[in-house]
Structure formats: C-alpha cells, structure tokens
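Analysis of the macromolecular model
So you can see what is in the structure, the chains are spelled out below.
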Amino acid sequence: MIKFLQDLIQIESLSPRDEGCFDIIEDRLNKLNFNCERINYLNVENLYATFGDKGKLFCFLGHTDVVPTGPVEKWTYPPFSGHIEGDLLYGRGTADMKGSIAAFLESLDEFFATNPNLNFRIAILLTSNEEGDAEDGFIDKIVDDMIERDERIDLCLVGEPTSYEKIGDSVRIGRRGSLGGSLKILGKQGHIAYPENVNNPIFSASDVIVELKNTIWDNGNAIFQPTSFQISNIHSGTGAKNVVPGELDMFFNFRYSTESTQETLVNEFESILKKLNIEYEINWRLSGLPYLTTEDNLKDVVVKSIENIAGYTPDLNAKGGTSDGRFVAKMGTEIVELGPLNDTIHQIDEHIKISELWTLKNIYTDILKGLNSKLS
Ligand SMILES: [Zn+2]
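Predicted, not measured: the structure shown is a model, and the values here were computed from it. (Residues numbered from 1 in each chain as written. Predicted model: local features only at pLDDT ≥ 70, side-chain atom pairs only at ≥ 80, totals over all residues. Heavy atoms only, no water.)

Focus on the coordination of the zinc ion
In a perfect tetrahedron of four donors around a metal, the angles come out at 109.5 degrees. In a perfect octahedron of six, they are 90 or 180 degrees. Every protein donor of the zinc ion is listed here as H63 (NE2), D96 (OD), E160 (OE) and E160 (OE), and their distances to the metal cover 1.9 to 2.7 Å. Considering all four donor atoms around the zinc ion, angles at the metal cover 52 to 142 degrees and the coordination shape is irregular. Spacing between the donor residues of the zinc ion along their common chain follows H-x32-D-x63-E. In this pair, H63 sits in strand β3 (residues 57-63) while D96 sits in helix α3 (residues 94-113), placing the two residues 33 residues apart along the sequence. The class of H63 is buried, set by a relative accessible area of 0%. When its relative accessible area of 5% is taken as the criterion, D96 is described as buried. (Donors = N, O, S within 2.8 Å, 3.2 Å for Na, K, Ca; no water. Tetrahedral: all angles 85-135°; square planar, octahedral: opposite > 155°, others 65-115°. Helix = DSSP H or I, 4+ residues; strand = E, 2+ residues; numbered from the N terminus. Buried < 20%, exposed > 50% of the residue type's maximum accessible area, 1.4 Å probe, protein only.)

Printed below as a string of structure tokens:
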C-alpha cells in the first residue's frame, strides 16, 4: 500500500491532469475483475470501475488530481518524491487524496481475499478534476448520465480528508452549500473637492458591509454550523487621487446550512441593498447545493467500523468546503465522507502518518465487511 501510494505521489497529476494515475489504479482493479471504463469529458479523464451484478450499489468516490505545490524550495522534501521520514510520508496529494485511494484499493484486496459471498455491488468513481473549477463539474455530468441510464449509486463513501487529530475522529454526513456573487455598487464619479457633485460608492459600500457583517443568516442546526458570509475582494478607484470613483466591485461567498436556501439568502442580501437605497448590479453563482445524509445504512456501518478498529466514536458533521459528494447527492444517495487528517492539505510539506493510513485501510475493510452483512 505504501509503495503504491509513493508511485501515485510520483505522478505529477496537477489538476485537471491525471497523468497516468488511472493506469496503475486500473491495473489493480483489473486483477480483481472489476469492469473499468474511462469516461472523458472536455479532455478530462474519469475512471468508473464496477464489480458485482446484484444488490445495492456502493461507490467509493475520489480524485487523483492535486493542487499546485507552491514554491518547491520551501518543501523539506521534493513534493513529488513520496519521501518517507520515520512514520511520515511526504508529498502533494498524500492526504488529499491519493492516500485514501491507496488505502481503499488495499482494503478491496483484503476484502476479496476472504472470498465473500457478495451481497452488494461495488464501484469506484475517480475524477482528475476535483480541485479545479467546479464549473466544469465532471462528476456532475457523470451523475446526470447515470440518472439518464436509470443507474443509481445507493451508498457513497467519499475519501476526502475529514479527520482532525486521529483517523476517523470526524466523519462528514453533509456539506454546506456554496453561493457566490459579484456586486457592483454604482455611484457618481466626480472631482474629490466637490462632494456635492458626487456619490461615493466606497461610502455606500461601508454601510453595506457593516450591515452584511452583522446579519445572522441562520443559526445552523445539530449537524450544520450557522451560515457564514465572507467577502473575498473589494476594489474601486479610477487611478487618480483627485477623483471619486463611479463604481465599486465586491466579491463575496456564502457557505450555507440546510436552514437557508439560495432563495432566502438572495432575498435577504438584496433587501439590505434596497433598504440602504443602494444602486447596484449583481451576479449570483451557485457552486454547490448543501446535502445531508439522513438514512442510517452507510452511516451506521461507518460509525461501527471506526469504533471496531479505532476504539472511538466519530463526530458526525457537515464541516469543511464543498466536495464532489454534492453532485452524487442528487441521486438521493446516502453519502458519508471519511479520509485522512486534513491538517496539511494544500500546504507546503503535505504529509500523512503511515501508521494512520494503515488504520484507515483497516476501517475501510471493516466497512466493506459491515456492508456485506448489513445488505445481505
Ligand atoms: Zn480533495
């Protein structure tokens, strides 16, 4: 498993390129008699492999692409070397998320070695464009095609790095939605010495920002944190110091709980602008609907496996950014996300603990066994 992970790390699969990760993954799946299919959309590769012919469809969902390394000279070991130092394996993608792919493949070997009488179907769906722009939504497209073919993933395990201090201490059973927007506040440009002749959009923005910052959008619920609003960029000015600009641009984003919807947030946001008599133009962009898994089949098996192997009960939550789980959710799939520690993801010196990856592998194997008895 560790050697295989090093092989994956040594492939520089910067998003959205797979660069051959699928080839070595497919080799292993072929040995287990999986039926492997490459699905290409807009030159981005995806691997869909299935095994079995009866029962519910369980799918492991993941991605082989990684984010850029940042300045290579800042890394203690080269980011694509897969260098091992004691219990630590370094490299871009070790935690997000080639580690969980290696662990899941190993758990499949282990599971099939017990010659199970398979009571469910197993699939692996991997994309090489998870870290890129979600607008391209490849998993989204694949899911739409599956729906068209009357195919449905019943249970989905996403291998994203959900753990905080110990493997499996945190499991996601939902994700917040993501709603972004760009706002243009319109004023009136003029000479800075003639305030009576201008309408300064920067002053208007200050009122808007205070109001937005103080608004409680919702209080969240047992699983979801309250909806959060953030501004990522604000700019204005004509370049001249003696000119009041005529407009101001602001980019913002909501990460929202299931207590809000796109509609309630848009309405409340725009009602603040109207209340303050702001003249504006706005563009909204929904990049992910929130989802929450309420059924217990997969959730129960995952919790029990973590208890069996690690000896503690995971926290079930909906923290973190969006994941490709959001696309699968529209099939009405039960989704649980469980993977490595997230403390170094996307950072310089990303790494995982080898001992913890073995624990993750053991948990995955126990999940497969648990599903086989639960779904019998
Ligand atoms: Zn990831």
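On we go.
Some remarks on the domain arrangement of the protein chain
Domain boundaries in the protein chain define domain 1 (2-176 + 290-374) and domain 2 (177-288). For domain 1 and domain 2, the distance between their C-alpha centres works out to 37 Å. Contacts between the two partners involve 17 residues from domain 1 and, on the opposite side, 13 residues from domain 2. Of the roughly 1200 Å² buried at the junction of domain 1 and domain 2 (both faces included), carbon and sulfur atoms supply 63%. If you look at where domain 1 meets domain 2, you find zero salt bridges. Applying the counting criterion to the domain 1 and domain 2 interface returns one residue pair in polar contact (both at pLDDT 80 or more). Going through the elements one at a time, β9 (174-175), β16 (291-292) and β17 (315-317) are the ones with two or more residues in the side of domain 1 that touches domain 2. Among the residues making up the side of domain 1 that touches domain 2, the classes are represented as seven nonpolar, four polar and six charged. (Domains from an automatic or database assignment. Contact = heavy atoms within 4.5 Å. Buried area = accessible area lost by both parts, 1.4 Å probe. Salt bridge = Lys/Arg side-chain N within 4 Å of Asp/Glu carboxyl O. Polar contact = N/O pair within 3.5 Å; in protein donor to acceptor, adjacent residues only side chain to side chain. Nonpolar A, V, L, I, M, F, W, Y, C, P; charged D, E, K, R; others polar.)

Regarding the environment of N297
Relative to the helices and strands, N297 resides in helix α7 (residues 297-310). Between the alpha carbons of N297 and D154 there is a distance of 10.0 Å; along the sequence they are 143 residues apart. Residues within four places of N297 in sequence aside, it is in contact with L155, E334 and K374. A polar side-chain atom of N297 sits 2.8 Å from a polar atom in the side chain of E334.

Considering the sheet that holds strand β14 (residues 247-256)
Across a sheet, paired strands are connected by hydrogen bonds in the backbone, their directions being either parallel or antiparallel. Strand order in the open sheet formed by four strands is β12-β14-β10-β15, with antiparallel pairing between adjacent strands. Pairing within the sheet leaves two strands with one partner each, and these edge strands are β12 (228-236) and β15 (279-288). Recorded for the sheet is a direction-independent mean angle of 15 degrees between the axes of neighbouring strands. Packed on one face of the sheet, helix α5 (residues 201-214) meets β10 (177-186), β12 and β14 and runs near 15 degrees to β14. The sheet strands contacting helix α6 (residues 262-275) are β10, β12, β14 and β15, and the helix crosses β15 at an angle near 160 degrees. (Pairing = 2+ DSSP bridges. Axes fitted to C-alpha atoms, helices over the stretch in contact; angles between N-to-C directions.)

Structural notes on the side chain of E350
Examined against the element boundaries, E350 turns out to sit in the loop between β18 (334-337) and β19 (351-353). A polar contact of 3.0 Å, which involves the side chain of E350, links it to the backbone nitrogen of G93. Among all residues touching E350, those that are not within four sequence positions of it are W75, L89, Y90, G91, R92, G93, T94, A95, D96, T344 and I345.

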